[in-house]
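Coordinates in review
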Amino acid sequence: MGKTRDTYKYYFKKGNGIVHGGITDNLERREQEHKQKWPNGHIFQVGRRTTEDAAREWEKKKGFAYERL
């Protein structure tokens, strides 16, 4: 059996511009966290849910990832 597809890829947009992007397992919670910095923004799901490994690769490729200690 394959890995669980429980991770979302997303862009956080303000108007028509992307101000942030990343991955999460909970889009609603993540949107509320970003709204603290960008109150008028909204989250936009990219594609379908995927595995965490595949989502991390997407995040890295798009330049949203940072090195975790």
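Refer to the structure printed above.
Sequence order as written defines the numbering, with residues in each chain counted from 1. Note on the predicted model: pLDDT of at least 70 is required for a residue's local features to be given, and 80 or more for side-chain atom pairs to be given and counted; whole-chain, interface and lining totals, by contrast, use all residues. Water and hydrogen atoms play no part in the side-chain values, which are based on all heavy atoms of the structure.

1. Some thoughts on the overall build of the protein
Scanning the protein from terminus to terminus reveals two helices and three strands. Taken from the N to the C terminus, the helices and strands of the protein come in the order β-β-α-β-α. In terms of overall size, the protein behaves like a compact globule, its C-alpha atoms giving a radius of gyration of 12 Å where 69 residues would be expected to give roughly 11 Å. The principal-axis extents of the C-alpha atoms in the protein amount to approximately 40 × 25 × 25 Å. For the exposure calls, accessible area comes from a 1.4 Å probe over protein chains only, and a residue counts as buried if that area is under 20% of its type's maximum, exposed if over 50%, partly exposed in between. Residue burial in the protein is summarised as follows: out of 69 residues, 32% are buried. The contact criterion used throughout is that any non-hydrogen atoms of two residues lie within 4.5 Å. Excluding contacts between residues fewer than 6 apart, the proportion of contacts in the protein whose partners are at least 24 apart in sequence is 56%. Each accessible area is a Shrake-Rupley result for a 1.4 Å probe, and residues are judged covered by the shown protein chains and nothing else. Accessible surface computed for the protein: about 5300 Å², of which carbon and sulfur atoms make up 45%. Counting 16 positive and 10 negative side-chain charges, the protein places the centres of these two groups 6 Å from one another. Labels follow the DSSP assignment, with helices taken as runs of H or I lasting at least four residues and strands as runs of E lasting at least two, numbered in each case from the N terminus. It is over C-alpha atoms that the radius of gyration is taken, and the globule rule equals 2.2 Å times the number of residues to the power 0.38. Working convention for charge: Lys and Arg count positive, Asp and Glu count negative, and His plus the chain ends are omitted. Taken as the charge centre is NZ of Lys, CZ of Arg, CG of Asp or CD of Glu, depending on the residue.

2. As for the nonpolar core
In this text, buried Ala, Val, Leu, Ile, Met, Phe, Trp, Tyr and Cys residues form a nonpolar core when linked through side-chain atoms within 4.5 Å. Among the nonpolar cores identified, the biggest contains six residues, and these are Tyr8, Tyr10, Phe12, Leu27, Trp38 and Ile43. Here the element with the most residues in this core is strand β1 (residues 7-14); it accounts for three residues. Ranked by size, the runner-up nonpolar core spans five residues in total, among them Tyr11, Ile23, Val46 and Trp58.

3. Describing the environment of Pro39
Turning to its location among the elements, Pro39 is positioned in the loop between α1 (27-35) and β3 (42-50). In this structure Pro39 comes out as exposed when scored by relative accessible area, which is 55%. Taking C-alpha positions, Pro39 is 26 Å from Ala55, a pair spaced 16 residues apart along the chain.

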